[in-house]
Amino acid sequence: MTNKYGDEMATKLSYYEDTYRFEDRAIINATGIDEIGHFILLDQTIFYPQGGGQPSDTGTVKANDILIPIHFVKSIDDEVRHYTEKDYSNCVGVEALCSINPEARIKHAKLHTSGHLISTVVEKLYPQLQAIKGHHFPDQCYVEFSSCSDYLDDFSLQLVQNELEKIIQQDCTTSNIEVSGAQLKELCPNLPYSIPSNKQMRVTRIGDFPYTPCGGTHVKSLKELEGLEITKHKIKGKSLKISYRI
Ligand SMILES: [Zn+2]
């Protein structure tokens, strides 16, 4: 199993397969402790580890009659670490029932997918703009763009909002595929950052819009993004920041 950069992962990333899988079984492979706290490692996980501007899932891991609350998840050194309040080394080897908070998962997937949609729409309407950063935490969501031109005078927020609503009503689906580094270069020739070219990577796209590398969770249908609203935008020099909520 590889992450979006193609690195081998000790944990199979089951959340890649289905955003709406809120429960699954997994084996507790190990426990550990780092500067964040105690953690457990699973052979596979439906818990999204915080990253890519998206918060982690929270939930529980039930090992026989022991209920382990998971308050934070992070991918470190190719391990997905599920953080716990105390040591659970007595549970190593147990096949456990993992449950994530479904409301938070869907909320995060909606906000994250909205970031993709805003990037896609803005880049289509204004080809001189390129999305360079996204943050999708509830109540803090924004996408930042960089312009290759000095002129952002023609930018119209109303035009962006209208286009967003139009595409949401078209009800496109999102799709993910794994590609080689060479395929990635073909699919995403103008990435604003570099990615190793010798590894498999996960890319995602909305409808038949261009692909972008991403390891996050996405809603299946854009209809789920009804109510998406741009709250403000700020132009500073060659950069544009668009804030939003849903
Ligand atoms: Zn994504």
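(A) Representation of the packing of aromatic side chains within the structure. The full count for this structure, using the stated rule, is 5 aromatic pairs. Between the aromatic rings of Y15 and Y48, the centroid separation amounts to 5.3 Å while the plane-to-plane angle is 80°, which identifies the pairing as edge-to-face. Here Y15 is found in the loop between strand 1 (12-13) and strand 2 (23-33), whereas its partner Y48 is found in the loop between strand 4 (44-45) and strand 5 (59-63), with 33 residues between them in sequence. Each member of the pair Y15 and Y48 is classed as buried. With a centroid separation of 5.2 Å and 45° between ring planes, the pair formed by Y126 and F155 is classed as tilted. Of this pair, Y126 sits in the loop between helix 1 (102-125) and strand 10 (129-135) while F155 sits in the loop between strand 11 (142-147) and helix 2 (157-170), and the two are 29 residues apart along the sequence. Side by side, Y126 and F155 carry an identical accessibility label, which is buried. By way of ring pairs, the aromatic residues Y15, Y16 and Y48 are connected into one cluster.

(B) Highlighting the nonpolar core. L117, I118, V122, L129, F145, L164 and I242 are the most contacted members of the largest nonpolar core, which totals 29 residues. For this core, the secondary structure elements donating two or more residues are helix 1, strand 10, strand 11, helix 2 and strand 16 (239-245). The element contributing the most residues to this core is helix 1, with 6 residues. Those residues within four positions of L117 in sequence are excluded, and the remaining contacts are L164, I167, I168, I206, L222, L225 and L228.

(C) Geometry of the sheet that holds strand 2. The antiparallel open sheet is built from 7 strands, whose spatial order is 6-5-9-2-3-8-7. Unpaired on one side and paired on the other, strand 6 (66-70) and strand 7 (72-76) mark the two borders of the sheet. Strand after strand, the sheet turns through a mean of 40° between neighbouring axes, direction not considered.

(D) Broad picture of the coordination of the zinc ion. Bound to the zinc ion on the protein side are H112 (NE2), H116 (NE2), C214 (SG) and H218 (NE2), at distances that span 2.0 to 2.1 Å. Bound by 4 donor atoms, the zinc ion shows angles of 104 to 117° at the metal and therefore tetrahedral coordination geometry. Motif for the zinc ion, donor spacing along one chain: H-x3-H-x97-C-x3-H. With H112 and H116 both in helix 1, this residue pair falls 4 residues apart, about one helical turn. Like H116, H112 is buried.

(E) Up close: the packing of helix 1 against helix 2. The geometry of helix 1 relative to helix 2 is characterised by a closest axis approach of 10 Å and an angle of 120° between their N-to-C directions. With respect to each other, helix 1 and helix 2 are oriented oblique. Taken as a pair, helix 1 and helix 2 cross one another with a handedness that is right-handed. Note on element contacts: helix 2 touches helix 1 through L159, V160, E163, L164, I167 and I168, opposite L117, I118, V121, V122, K124 and L125. Along the lines of polarity and charge, the residues of the contact of helix 1 with helix 2 split into 10 nonpolar, no polar and 2 charged.

(F) Region of the structure containing the sheet that holds strand 11. Ordered in space as 10-11-16-15, the 4 strands form an open sheet in which the pairing is antiparallel. Only two strands of the sheet have a single partner each, and these edge strands are strand 10 and strand 15 (229-236). Along the sheet, successive strands turn relative to each other by an average axial angle of 20°, direction set aside. Here 6 bridges tie strand 10 to strand 11, and the two strands are oriented antiparallel to one another.

(G) Layout of the pairing of strand 7. Pairing geometry for strand 7 and strand 8 (residues 79-84), over 5 bridges, is antiparallel. Residue pairing across strands places V73 opposite H82, the latter belonging to strand 8.

(H) Spatial organisation of the environment of K110. Inspection of the secondary structure puts K110 in helix 1. Separated by 112 residues in the primary sequence, K110 and L222 place their C-alpha atoms 8.9 Å from one another. Those residues in contact with K110, other than ones at most four positions away along the chain, are V219, E224, L225 and I246.

What counts, and at which threshold
Residues numbered from 1 in each chain as written. Predicted model: local features only at pLDDT ≥ 70, side-chain atom pairs only at ≥ 80, totals over all residues. Heavy atoms only, no water. Phe/Tyr/Trp six-rings, centres within 6.5 Å; stacked < 30°, edge-to-face > 60°. Helix = DSSP H or I, 4+ residues; strand = E, 2+ residues; numbered from the N terminus. Buried < 20%, exposed > 50% of the residue type's maximum accessible area, 1.4 Å probe, protein only. Core = buried A, V, L, I, M, F, W, Y, C linked by side-chain atoms within 4.5 Å. Contact = heavy atoms within 4.5 Å. Pairing = 2+ DSSP bridges. Axes fitted to C-alpha atoms, helices over the stretch in contact; angles between N-to-C directions. Donors = N, O, S within 2.8 Å, 3.2 Å for Na, K, Ca; no water. Tetrahedral: all angles 85-135°; square planar, octahedral: opposite > 155°, others 65-115°. Parallel < 35°, antiparallel > 145°, perpendicular 65-115°, else oblique. Left-handed = near helix turned anticlockwise from the far one by under 90°. Nonpolar A, V, L, I, M, F, W, Y, C, P; charged D, E, K, R; others polar.

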